Amino acid sequence: MRINLRTATLAIILFCTLFGRGLFAQNGTWTGTPAMPDPRARAATGVISRNFYVAGGANSGGVTASLEVYDLAADTWAFGNPMPLGARSGMAAGVISGKLYVAEGFTDESTGASTLALEIYDPSTGNWTTGTPATVSRGSVASAVIGTKLYVTSGRALVGSANIDTLEIYNQPTNTWSTGAVIPTPTEAPGSVAISGKFYVVGGFDGVADSSALQIYNPSTNTWTTGAPMPTPRNGLVVGTIDGKLYAVGGSSSNTLTGVVEIYDPVANSWTSGPSEPTPRYTPLAGVIDTNLFVAGGATSSSVLASFDVFIPAAVPGPTGPTGPQGPTGATGGTGSAGATGTTGPAGATGSTGSTGSQGATGSQGAAGATGPAGATGPVGATGSAGPQGIKGDTGNTGPAGATGPAGATGSAGTQGPQGPVGPQGPAGADPLRFGILTVREGKPAPVGYTKLGTTTYSIKKSTGAIATVTVDVYQKD
């Protein structure tokens with residue numbers, strides 16, 4: 001009987017909500033879904049538009065190139081166009097810009113022969129194209145997509161060869177490959193996934209034993225670090241991420257198949273256990289749709305599987321909603337009956353002494369007392385004021401003449417008298433130029449080659465008889 005995944009999911013959530021125990025205590029539950037038409041292991045997988053794509057891998061007849069697609073909405077499988085470059089298994093794979101990228105992988109599992117091929121599937125056309133080949137030929141690798149880049153590391157080439165530590169980086173926009181820091185401990189068939197911009201590689205076979213190492217690559221620093229080791233060392237496991245946590249499922253531990261599920265929290269750097277996968281399997285296929293982890297195919301020691309299981313995590317309670325508005329006040333209840341009178345209590349303690357009262361009012365005036373004896377004689381009083389002025393006496397005799405007073409002050413200068421007549425013209429003076437003397441009317445430019453001695457003023461008589469005053473500058477020849 002086929003189980004519709006959506007119906008099963010609702011039923012599980014309802015059951016866990018009602019009973020609250022068992023399944024939720026295990027962080028979720030597993031349920032079956034339609035098996036793959038073509039059983040296989042070690043295939044390339046990717047989720048595009050809620051469809052689960054499975055390309056290549058190994059089946060009972062060897063490696064294959066076929067493509068199968070699970071449609072979640074229809075709950076059915078269908079075949080797509082096979083990979084044109086041929087069959088292979090253990091490839092690197094990832095989804096970039098809505099297309100499935102498949103690189104490298106084994107072309108012959110019995111010898112470990114491998115390829116560098118890069119093929120790209122476009123669901124919108126149903127066709128494959130090729131990209132630039134990789135630089136390292138290998139299979140059973142770890143791979144994941146961060147942004148528009150496909151990261152590939154670990155794995156091996158020929159059977160019995162050493163594990164490969166090279167980190168290859170495919171840049172989708174430029175269709176080119178480059179390398180990053182080598183992984184510290186390369187393993188074969190590890191689990192791998194990208195979480196929050198980092199590349200996580202867990203478990204695998206390190207060449208001696210199954211590994212529990214968790215190795216984390218940070219592209220921004222091109223460095224590797226380690227996280228808390230996985231509790232169960234194993235190889236051939238698959239990994240998915242739900243709500244930022246890494247889910248490690250199945251694989252082989254010490255040559256024994258296991259269905260163990262362990263969950264890594266990058267924030268706490270710690271592991272917890274989840275409910276085991278119903279079908280233990282080696283190198284199965286995995287993909288996450290919404291928040292459900294789908295696990296299909298894989299192998300046992302004797303067969304290749306077609307079964308297809310899905311892990312449905314327990315619902316996480318959402319945050320408490322805001323407090324609703326207060327309802328209206330209810331009607332006032334009726335007055336209750338009076339309670340019974342209580343017994344008389346013991347006498348209270350004596351109170352403290354009160355404060356002093358205010359002063360009383362003044363009493364009425366008493367009767368006048370008897371007259372006392374006469375007082376002693378007082379002191380002499382002050383001198384009285386002067387009496388009125390007497391009558392004016394007769395005029396006395398004339399006294400002697402007083403001494404001569406001091407000389408009076410000099411009077412002010414009189415006004416200037418008129419100018420006297422002009423005297424006769426004197427004889428001609430000596431030629432001033434003879435002595436290097438030169439006069440220039442005041443304010444005129446200085447003559448060249450002369451030094452100014454000073455300024456002088458003199459009077460001349462005009463032809464009209466008027467007297468004019470002339471001011472000149474006096475210069476001497478240098």
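Keep in mind that this is a model prediction, so the values were computed, not measured.

Asker: What's the story with the layout of surface pockets in this structure? I'm lost.
Answerer: By volume, the largest pocket is sized at about 820 Å³. Elements represented by at least two residues in the lining of the largest pocket include exactly β2 (44-48), β8 (92-96), β14 (142-146), β18 (191-195), β22 (238-242) and β28 (285-289). Its residues assigned to classes, the lining of the largest pocket shows 21 nonpolar, 13 polar and 1 charged.

Asker: Just to check I follow, could you spell out the pairing of strand β16 (residues 167-171) for this structure?
Answerer: Side chains on a regular strand alternate between the two faces of the sheet. Among the 5 residues that make up β16, 4 are buried, leaving the element largely enclosed by the rest of the structure. By the bridge criterion, 4 bridges tie strand β15 (residues 149-153) to β16 in an arrangement that is antiparallel. What sits directly across from V152, in β16, is E168. The pairing of β16 with strand β17 (residues 176-180) spans 5 bridges and is classified as antiparallel. What sits directly across from L167, in β17, is G180.

Asker: What is the right way to read the sheet that holds β17 from this model?
Answerer: Two orientations exist for strands paired in a sheet by backbone hydrogen bonds: parallel and antiparallel. Taken together, the 4 strands give an open sheet; going across it, the order is β14-β15-β16-β17, and neighbouring strands pair in antiparallel fashion. Looking at the sheet topology across the chains shown, the edges are occupied by β14 and β17. When the angles between neighbouring strand axes are averaged without regard to direction, this sheet yields 25°.

Procedures and definitions
- Residues numbered from 1 in each chain as written.
- Predicted model: local features only at pLDDT ≥ 70, side-chain atom pairs only at ≥ 80, totals over all residues.
- Heavy atoms only, no water.
- 1 Å grid on protein atoms, 1.4 Å probe; cavity = no way out; pocket = protein on both sides within 12 Å on 5 of 7 lines; lining within 4 Å.
- Points joined across faces, edges and corners; volume = space filled by probe spheres on them.
- Helix = DSSP H or I, 4+ residues; strand = E, 2+ residues; numbered from the N terminus.
- Nonpolar A, V, L, I, M, F, W, Y, C, P; charged D, E, K, R; others polar.
- Buried < 20%, exposed > 50% of the residue type's maximum accessible area, 1.4 Å probe, protein only.
- Pairing = 2+ DSSP bridges.
- Axes fitted to C-alpha atoms, helices over the stretch in contact; angles between N-to-C directions.

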